[in-house]
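Listed below are the residues making up each chain.
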Amino acid sequence: MAVTSANPLRAGLRLARVPEPSVMVIFGGTGDLSTRKLVPALYDLARQRLLPAAFAIVGIGRAALTDSEYRAQLREAVAENSRSRPIDEEVWASFAERLLYVSVRSEEGYDDLRRRLARIDTDLGTGGDRLFYLATPPVAYAPIVRSLGRSEVVRSGTGWARIVVEKPFGRDLETARALTETLHEVFKEEEIFRIDHYLGKETVQNILVLRFANAIFEPVWSRQYVDHVQITVAEALGADERAEYYEGAGAMRDIVQNHLLQILTLVAMEPPAAFEAGAVRDEKVKVLRAMRPIRPDETAERTVRGQYTAGFIEGDPVPGYREGREVAPESRTETFVALKLFVDNWRWEGTPFYLRTGKRMPKRATEVAIQFRAVPHQVFSAEARDGLEPNTLVIRVQPEEGISLKFGAKVPVQGIRIRSVAMDFVYGASFLVDAPDAYETLILDALRGDGTLFTRKDEVEEQWRLVDPVLRAWQESDAEPPAYPAGTWGPTEADLFIGRDGRRWRQP
Amino acid sequence: MIDTGVWGDPSPSVSALERDLARVRRGRSAHAREQVATVARAAVVNIVVVARREIHALRASRTIEELAMRHPSRAIVVLGDAHPDERASSAVSLYGRVPEVDQFDQVHFEQILVRARGPADRRLLSVVVPLLVPDLPLFLWWTETPPIGTRHFEDLVALASRLVVDSADFARPERTIPALASVCFVGAQHCALTDLNWTRLTAWRELLTQFFDVPAWRALLRSVDGMRVSFAVDADGREIQPSQALLLIGWIAARLGWRPAERMAPSEAGGLLFGMIRPDGQRVRVRVRPRFDRGLEEGDVSGVRIEAFAGGTRTEFRITRLDERRYASGTVRVDGKIVSERVVPLPATDVVELLGEELTILASDRMYEEALAVLVALA
């Protein structure tokens, strides 16, 4: 039957974000990401009635499983990882009916997949619209994409095809480029959705709203008023469970190249003409292009790395990184990175951006702190402003999403005594307590074809271009990464590093 | 008698009341500081509730308190006499309290009761205005049929950015709602109109819409020849409130361009039966059917069936509430055979959720106005 125009009932509906009828095909359907994040997020979407009426999920794995065995596996996983517990049996039963499994071990497996998808299209009316999701280890990405291309699974009739690629996207500029080229053999750039789940977080998107929907912040958002910016992604967890991957990656590849640089670009970018994929990503790429490269001879001055040793987290003793299984006893993998970056453009010339991330820090915290300059002339005596700290705008991403502004206020006594107070906006207190999970947001966006919150080819390449020389310099150096005990804010070198500029790290 | 345990202590004046509330806030802040927490007096909206019966005032007050974490507000509950005696002397008294809504004591929410006795029509505004928190929008929630034409109603609407009513409580919703709309839209101060009874339909509309996201089914929207909406009545079939069901039909009709073929005619036991005309001139049979459903509020929609006939095939789209009021099943049948079936959560909406949703939106709803226009034409 001919495709008619837009659904006339959709006009003016408040839940306008429901995607079109489609099928989502997950490679690595039995893997850790699928069971911990993807399928629970999809179930939560179903619970909120945000999935289309005609929708199916096809999990792909190597194991020989029946649909019902697969469902039973995932039921456990959803019960454990869904945002809403306990699992709602009725919703689950209806959701599970559309949850299918195809075992793919060889090229013939792709023929099975093609037949299965064709049958779903006829039975449900999904019209050949397909979202592929690569949730496998990265080594499998290229072979899967090539097989998809060869077996003609991707396109069917007038339906659309898209592919979501998980991080890490390459391990340096060269491999990232090669992966993009492989993807381009089958998919067009606008059909490729490189996921960075940080961009799905409400507060990260809120950086854009704060900056571009309010008139009062933008005028002070520049080198004239900002002294420096600190961006922190601290984890209390160690590398334990992902040690095998982590040992070959390190904090730079795991966090800095993607999450930290993404947050930095959102903080530093110029206003886009519109909140849509092309305009937003164009502006982000401009920031990355304007970043001052870290030359090999500057590595010592602009970077610090570290590796945790045994220590305590919340009172419990935890082993050091090198004591972990699957970690080489003389491993030099960094578990802590601090960087000093500059965005060489009109707005930010000379304003340092301090980035830091680490595992086994005292707590899990992600925040952006914009520290403003002091007033040009001090009106009040040094004694009166003893308790006064510089104005700071803090955007907290986790654990408790919110924004706070620190400013000086008079203590209510006779005479002038000034103290810093914080004006706190707790996200959960002003809006729905229940913010959507990042994966829910991003899966919906990909199903709807909105690439605004995904990373484009040129963005990824610019990120690697910045990170590669540092990794190379560390590799070529004979020095070991400085040690820091688990449960501290990184090696002393990190404090000296920022202290040389007359500044100090915040305690998030 | 006012229960001070519920409404707080009386205050002789607005300034005394503000002083008392500020004192409570300071006390809470001091307590919070000991716990190393920061306290915010976070108010994002002024809510004025008008009630004539204490039971309505209490229910509204509880609803707003439950919403306080999500929509911290200053709530002003105006409780007037149900039957003001014109000769009686009139008096206005104030009661204020700061309920604890948050175990961490981070959000303050304040509630003020304005108790008006006797004829207070002209003086009410002078009490409410000084109590409003500046620079915040005002939601006016009227708990019964608003007295269009009275001074205090029109004074308050002129201040409000949104008027919240529930047409389920109206005796003649198809007359009262258009009259309200015309009051709201006078003057430069545009006040959006919210009908909680329309908000109850949001999930139903979403589910119906999802059927027709499938292109093959969307094509059938042009060939719909029958629609049936069931709504809940009490066991005796006495409380018959078809307004919610009619709003749903009005919405579909407005979206698909149907026009009334005739006026509504009563059918079995409080139901309605009438015809509408599709844009291609064909007739659509419309039935509104009252049904007893345990656990549903009277007037709530309990099922929808849309039938289409095209190419010699009859396709039926059906959403039915399942037991326990928490789910609905959506099915598509082609010539009687089920081709698609799913169960989705559809919890019965209580007033807390309805109002909570409305508080996130400030604009008026064009779809509602269009649906209403169809009802006016049918009445």
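1. Side note on the overall build of chain B
Counting secondary structure elements, chain B contains twelve helices and 17 strands. Considering chain B as a whole, with its 379 residues, one finds that 53% of them fall into the buried category. Taking contacts inside chain B between residues at least 6 apart in sequence as the whole, the part at least 24 apart equals 69%.

2. Examining the domain arrangement of chain B
The figure often quoted for interface size is the accessible area lost as the parts come together. Residue and element names in this part refer to chain B. By domain assignment, chain B separates into domain 1 (4–196) and domain 2 (200–345). The interface is formed by six residues belonging to domain 1 together with four residues belonging to domain 2. Of the roughly 410 Å² buried between domain 1 and domain 2 on both sides combined, carbon and sulfur atoms contribute 37%. Linking domain 1 with domain 2 are one salt bridge, by the criterion used here. Ionic pairing is found between arginine 200 and aspartate 166, a salt bridge with its closest N-O pair at 2.8 Å. Run the count over domain 1 and domain 2 and you get three residue pairs in polar contact (both at pLDDT 80 or more). Grouping the constituent residues of the side of domain 1 that touches domain 2 by class yields three nonpolar, one polar and two charged.

3. Brief notes about the sheet that holds strand β3 (residues 73–79) of chain B
Residues and elements named next belong to chain B. Strand order across the open sheet formed by eight strands is β1-β4-β5-β3-β2-β6-β7-β8, with mixed pairing between neighbours. In this open sheet, the two edge strands, each paired with only one partner strand, are β1 (9–11) and β8 (192–195). Mean inter-strand twist for the sheet, computed between neighbouring axes without regard to direction, equals 25°. Of the strand pairs in this sheet, strand β2 (residues 45–51) and strand β6 (residues 138–142) are connected by five bridges, and their pairing is parallel. By the bridge assignment for β6, valine 48 is matched with leucine 140. Against the sheet, helix α5 (residues 151–159) touches β2, β6 and β7 (162–165), its axis set at about 150° to β6. In the packing of helix α11 (residues 351–359) onto the sheet, the strands contacted are β2, β6, β7 and β8, and the crossing angle to β6 comes to about 150°.

4. Let's talk about empty space enclosed by the protein
Counted according to the given criterion, the structure contains seven cavities of 30 Å³ or more. Here the largest cavity is characterised by a volume of approximately 160 Å³. Listed by contribution, the elements that provide at least two residues to the lining of the largest cavity are β2 (55–61) and α3 (89–96) of chain A together with β17 (337–345) of chain B. Residue classes in the lining of the largest cavity are distributed as ten nonpolar, one polar and two charged. Around the second largest cavity, the lining comprises 14 residues; the ones closest to its centre are Lys167(A), Phe169(A), Ile195(A), Asn258(A) and Thr455(A). Mapped by element, the contributors of at least two residues to the lining of the second largest cavity are α8 (243–268) and α13 (457–476) of chain A. Counting residues per element, the lining of the second largest cavity draws most heavily on α8(A), at three residues. By residue class, the composition of the lining of the second largest cavity is five nonpolar, five polar and four charged.

Calculation notes
Every residue gets a number counted from 1 within its own chain, in the order that chain's sequence is written. Chain letters and ligand numbers both follow the written order, the letters beginning at A and the numbers at 1. Note on the predicted model: pLDDT of at least 70 is required for a residue's local features to be given, and 80 or more for side-chain atom pairs to be given and counted; whole-chain, interface and lining totals, by contrast, use all residues. Just so you know, side-chain values use all the structure's heavy atoms and leave hydrogens and water out. Each helix is a run of DSSP H or I of at least 4 residues and each strand a run of E of at least 2, with the numbering of both proceeding from the N terminus. Burial classes: relative accessible area under 20% of the type maximum marks a residue as buried, over 50% as exposed, and values in between as partly exposed (1.4 Å probe, protein chains only). A contact between two residues is defined here by any heavy atoms of the two lying within 4.5 Å. Either an automatic procedure or a domain database provided the assignment from which the domain bounds are taken. Note on definitions: buried area is the accessible-area loss of two parts on being combined, 1.4 Å probe, summed for both. Here, a salt bridge means any Lys or Arg side-chain nitrogen found within 4 Å of an Asp or Glu carboxyl oxygen. In protein, a polar contact requires one atom able to donate a hydrogen and another able to accept it; more generally it is a pair of N or O atoms within 3.5 Å, and residues adjacent in sequence count only if both atoms are side-chain atoms. The classification used treats Ala, Val, Leu, Ile, Met, Phe, Trp, Tyr, Cys and Pro as nonpolar, Asp, Glu, Lys and Arg as charged, and all other residues, Gly among them, as polar. When DSSP locates at least two bridges between a pair of strands, those strands are taken to pair. Convention adopted: a line fitted to C-alpha atoms gives each axis, helices being fitted over their contacting stretch, and angles between N-to-C directions are expressed from 0 to 180 degrees. Here a cavity denotes a set of grid points, spaced 1 Å apart and computed over the protein atoms alone, in which a 1.4 Å probe fits but from which it cannot get out, and a pocket denotes an open set meeting protein on both sides within 12 Å along at least five of seven lines; residues with an atom within 4 Å of a point are reported as lining. Grid points are joined across faces, edges and corners, and a volume is the space filled by probe spheres set on the points.

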